[in-house]
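Structural description and commentary
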Amino acid sequence: KNQVEQSPQSLIILEGKNCTLQCNYTVSPFSNLRWYKQDTGRGPVSLTIMTFSENTKSNGRYTATLDADTKQSSLHITASQLSDSASYICVVTAGNTPLVFGKGTRLSVIA
Amino acid sequence: DTAVSQTPKYLVTQMGNDKSIKCEQNLGHDTMYWYKQDSKKFLKIMFSYNNKELIINETVPNRFSPKSPDKAHLNLHINSLELGDSAVYFCASSRPGLNTEAFFGQGTRLTVV
């Protein structure tokens, strides 16, 4: 069964600190993995996309990694800002099947 | 300018009523989706349409009926609303292709009382 598991469920960090969110997946055949950011009351917005051959990809202060062998991905946020407070959702595409969503990590950045 | 727009943003209604949520995208995408996000914030796909044709129906009660008059619109009709239907419903669209990105609307918060 295609599944995406994320950890931690929630995280509170001080402004300016770094953090790392984890995503493990059991999805086959793997096509790509995206990290989405969902602000409260808004729809998810894509941050990065990782394909099978990519190990690292950055988007500003966001850096995603992918280990296709262990089926793990991480999203690292550097020098966090208050506006980073949101849910971060790992989404995996498997062939032509529907997108498989993780339950998300709720990040709260406090001053 | 809005890429994927949903209306209404909020909907409060009584059990047993029939309601509709509208979705429109101006991105020229061929594929549109409806997702349900429950109280635990878990996004789950309900339907997917490609060029006005249903391609995915994920074990959704038949009280839910999507209708796509053209490929820019995918409306969601819900009959005989139940308390458990309370959730946020997101419309999304994408181009064909494996690495395509799904663009989401802002969501419709449905509350059934």
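Residues numbered from 1 in each chain as written. Chains lettered and ligands numbered in written order. Predicted model: local features only at pLDDT ≥ 70, side-chain atom pairs only at ≥ 80, totals over all residues. Heavy atoms only, no water.

1. Some remarks on the overall build of chain B
- Across its full length, chain B holds zero helices and eleven strands.
- Element order for chain B, N to C, with α for helix and β for strand: β-β-β-β-β-β-β-β-β-β-β.
- A compact globule built from 113 residues should have a C-alpha radius of gyration of about 13 Å, and chain B, at 13 Å, falls within 12% of that.
- Considering chain B as a whole, with its 113 residues, one finds that 43% of them fall into the buried category.
- Long-range contacts, defined as pairs at least 24 residues apart, comprise 53% of the intrachain contacts of chain B with a sequence gap of at least 6.
- Side chains of chain B carry 13 positive and 11 negative charges; the gap between the two charge centres is 5 Å. (Helix = DSSP H or I, 4+ residues; strand = E, 2+ residues; numbered from the N terminus. Rg over C-alpha atoms; globule rule 2.2 N^0.38 Å. Buried < 20%, exposed > 50% of the residue type's maximum accessible area, 1.4 Å probe, protein only. Contact = heavy atoms within 4.5 Å. Lys, Arg positive; Asp, Glu negative; His and termini not counted. Charge placed at Lys NZ, Arg CZ, Asp CG, Glu CD.)

2. Examining a nonpolar patch on the surface
- Taken together, the side chains of Ile12, Leu14 and Ile110 of chain A define a hydrophobic patch exposed on the protein surface, amounting to about 290 Å² of accessible area.
- Within the secondary structure, isoleucine 110 of chain A is located in strand β11 (residues 105–110). (Patch = residues over 30% accessible without salt bridge, like charges linked within 9 Å, V, L, I, M, F, W, Y side chains within 5 Å. Areas by Shrake-Rupley, 256 points an atom, 1.4 Å probe, with all protein chains shown as cover. Salt bridge = Lys/Arg side-chain N within 4 Å of Asp/Glu carboxyl O.)

3. Details of the interface of chain B and chain A
- At the interface, 18 residues of chain B touch 21 residues of chain A.
- Between chain B and chain A, a total of about 1,600 Å² is buried, with carbon and sulfur atoms accounting for 56% of that surface.
- Summed over the shared surface of chain B and chain A, the number is one salt bridge.
- Glutamate 101 of chain B serves as the salt-bridge partner of arginine 34 of chain A, at 3.9 Å between the closest nitrogen and oxygen.
- The interface formed by chain B and chain A includes two residue pairs in polar contact (both at pLDDT 80 or more).
- Within the residue set of the side of chain B that touches chain A, elements represented by two or more residues are β4 (31–37) and β5 (43–50) of chain B.
- Counted by class, the side of chain B that touches chain A contains nine nonpolar, five polar and four charged residues. (Buried area = accessible area lost by both parts, 1.4 Å probe. Polar contact = N/O pair within 3.5 Å; in protein donor to acceptor, adjacent residues only side chain to side chain. Nonpolar A, V, L, I, M, F, W, Y, C, P; charged D, E, K, R; others polar.)

4. With respect to the state of the cysteines
- Tallied over the entire structure, the rule returns two disulfides over all chains.
- Shown here is the disulfide that connects cysteine 23 of chain A with cysteine 90 of chain A, its sulfur atoms set 2.0 Å apart. Because the torsion about its S-S bond is -70 degrees, the bridge between cysteine 23 of chain A and cysteine 90 of chain A counts as left-handed. Placement of the pair is cysteine 23 of chain A in strand β3 (residues 19–26) and cysteine 90 of chain A in strand β9 (residues 86–94), with a sequence separation of 67 residues.
- Note on cysteine 23 of chain A: relative accessible area 0%, which makes it buried.
- You can call cysteine 90 of chain A buried: its relative accessible area is 0%.
- A disulfide bridge connects cysteine 23 of chain B with cysteine 91 of chain B, and the sulfur atoms are separated by 1.8 Å. Around the S-S axis, the bridge from cysteine 23 of chain B to cysteine 91 of chain B shows a dihedral of about -75 degrees and counts as left-handed. Residue cysteine 23 of chain B is found in strand β3 (residues 19–25), and its partner cysteine 91 of chain B is found in strand β9 (residues 87–94); the two are separated by 68 residues along the sequence.
- Under the relative-accessibility criterion, cysteine 91 of chain B is labelled buried at 0%.
- Distance from the sulfur of cysteine 19 of chain A, which forms no disulfide, to the nearest cysteine sulfur (cysteine 90 of chain A) is 15 Å.
- You can call cysteine 19 of chain A buried: its relative accessible area is 5%. (Disulfide = S-S within 2.5 Å.)

5. Quick word on the sheet that holds β3 of chain B
All names here are of chain B.
- An order of β1-β3-β8-β7 is seen for the four strands of this open sheet, with the pairing classed as antiparallel. Each end of this open sheet is capped by a strand with a single partner; those strands are β1 (4–7) and β7 (64–67). This sheet shows a mean twist of 15 degrees between the axes of neighbouring strands, independent of strand direction.
- Bridging between β1 and β3 involves four bridges; their strand directions are antiparallel. Residue pairing across strands places threonine 7 opposite lysine 22, the latter belonging to β3. (Pairing = 2+ DSSP bridges. Axes fitted to C-alpha atoms, helices over the stretch in contact; angles between N-to-C directions.)

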